[in-house]
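Survey of secondary and tertiary structure
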Amino acid sequence: MNALLQIRPVFFGLFLFTVISMTFALVYLQQTLGLPPCPLCITQRVFVILVGLFAVLAFLHNPQGWGRRLYAALCLLSACAGGAVAMRHIWLQSLPEELAPACGPSLGYMLETLPLAETFSVVMMGDGNCAETVWTFMGMSIPQQTLIVFVVMAAVSVFQMRERTSYLFGSTGTFLCLCSASEPHSLRALDGGRLLRQ
């Protein structure tokens, strides 16, 4: 169990989580059900991809100390930004029909014709396509499900930012303490709480 909670497996698990999430969105929602993503959906997917990118880089780099915290912080920031977009999407879907914004141009058209800053502002405002609830699972809309995904990603990222201590037992029954993930070579041997060597 302890080995599963080390730095690399957790980052790799986070990467796999993003791959599964994107596969579900692209293969099932978009291809199987034929649900085209709205601008806010596309934005949320971008942040899922960013979390996966930072997680796989952390897995390959296998950093310690501040390097681990930096990768985890980047994952956390991406997850929080994606969660904020998901909450904006949920709010739009909760509006009465008469208050929902009108449908706007596609994201591709805006990227081709508008400055990037203006495109980003329009996307964050959302349009009528974003306000429509097109599919639910267990009573939850797509952005509500995506928000849960971002919460899980953020929780894992916070976990990776914490100092962790690993424990094992020596062959003589001596209790060994691997002090933290940021000091992988710091090994202490304890016998009934008494430090034997360091």
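Please read these numbers as outputs of a predicted model, since none were measured by experiment. (Residues numbered from 1 in each chain as written. Predicted model: local features only at pLDDT ≥ 70, side-chain atom pairs only at ≥ 80, totals over all residues. Heavy atoms only, no water.)

**Concerning the overall build of the chain**
To keep it simple, the criterion reads: The secondary structure listing takes helices from DSSP runs of H or I that are at least 4 residues long and strands from runs of E that are at least 2 residues long, numbered from the N terminus. Exposed residues in this analysis have more than 50% of their type's maximum accessible area, buried residues have under 20%, and partly exposed residues fall in between, with area computed by a 1.4 Å probe over protein chains only. Throughout, a contact is declared for two residues whenever any of their heavy atoms are within 4.5 Å.
The helix and strand inventory of the chain stands at seven helices and six strands. Secondary structure elements of the chain, listed N to C terminal, follow the sequence α-α-α-α-α-α-β-β-α-β-β-β-β. Taking all 198 residues of the chain together, the buried fraction comes to 37%. The contacts in the chain between residues at least 6 apart in sequence include a share of 66% that link residues at least 24 apart.

**Observations regarding a nonpolar patch on the surface**
To be explicit about the condition: Put simply, a patch holds well-exposed residues, over 30% relative accessible area, that have no salt bridge, with like charges counted together within 9 Å and Val, Leu, Ile, Met, Phe, Trp or Tyr side chains within 5 Å. Per-residue and other accessible areas follow the Shrake-Rupley method at a 1.4 Å probe size, with only the shown protein chains counted as cover for residues. We count a salt bridge whenever a side-chain nitrogen from Lys or Arg sits within 4 Å of a carboxyl oxygen from Asp or Glu.
Taken together, the side chains of F24, Y28 and L33 present a nonpolar region at the surface, about 240 Å² in accessible area. Locating Y28 in the fold gives a position in helix α1 (residues 7-32). A relative accessible area of 33% means that Y28 is categorised as partly exposed.

**Here's the deal with the side chain of Q44**
Rules: Whenever a nitrogen or oxygen atom comes within 3.5 Å of another N or O atom, the pair is scored as a polar contact, on the condition that within protein one atom can donate a hydrogen and the other can accept it, and that pairs from neighbouring residues in sequence are kept only if both atoms are in side chains.
Mapped onto the secondary structure, Q44 falls in helix α2 (residues 39-61). At 3.1 Å, the side chain of Q44 forms a polar contact with the side chain of H89. For Q44, the residues in contact, after removing those within four places along its chain, are G82, V85, A86, H89, P143, T146 and F150.

**Here we look at the packing of helix α3 (residues 66-94) against helix α7 (residues 142-161)**
Where we set the bar: Helix axes use the C-alpha atoms of the stretch in contact, all axes being lines fitted to C-alpha atoms, and the angles between their N-to-C directions lie in the range 0 to 180 degrees. Comment on the angle field: the value is read as roughly parallel under 35 degrees, roughly antiparallel over 145, roughly perpendicular from 65 to 115, and oblique elsewhere. By definition, turning the near helix anticlockwise from the far helix through less than a right angle yields a left-handed crossing, and turning it clockwise yields a right-handed one. When residues are grouped by polarity, Ala, Val, Leu, Ile, Met, Phe, Trp, Tyr, Cys and Pro land in nonpolar, Asp, Glu, Lys and Arg in charged, and all others, Gly among them, in polar.
Viewed as axis vectors pointing N to C, α3 and α7 meet at an angle of 160 degrees, and their least axial separation amounts to 8 Å. Looking at the two axes, α3 sits roughly antiparallel to α7. The hand of the α3/α7 crossing is left-handed. A class-by-class count of the residues in the contact of α3 with α7 yields 15 nonpolar, eight polar and two charged.

**Focus: the packing of aromatic side chains**
How two aromatic rings sit relative to each other is given by the distance of their centres and the angle of their planes. Going by this rule: Each Phe, Tyr or Trp ring, with Trp reduced to its six-membered ring, pairs with another whose centre is within 6.5 Å; inter-plane angles below 30 degrees give stacked pairs, above 60 give edge-to-face pairs, and intermediate values give tilted ones.
Following the criterion strictly, the structure yields six aromatic pairs and no others. Seen from their ring centres, F12 and F15 are 6.2 Å apart, and the 40 degrees between their planes marks the pair as tilted. Taken together, the residues span about one helical turn, with F12 and F15 both in helix α1 at a distance of three residues. Classification of F12 as partly exposed rests on a relative accessible area of 32%.

**Remarks on the nonpolar core**
Heads up, the condition is: The set of buried Ala, Val, Leu, Ile, Met, Phe, Trp, Tyr and Cys residues whose side-chain atoms join them within 4.5 Å is what this entry labels a nonpolar core.
With 26 residues, the main nonpolar core has F11, C75, F150 and M153 as its most contacted residues. Where this core is concerned, the elements lending two or more residues are α1, α2, α3 and α7. Ignoring anything within four residues of it in the chain, the contact list for M153 reads L14, F17, T18, V48, V51 and A79.

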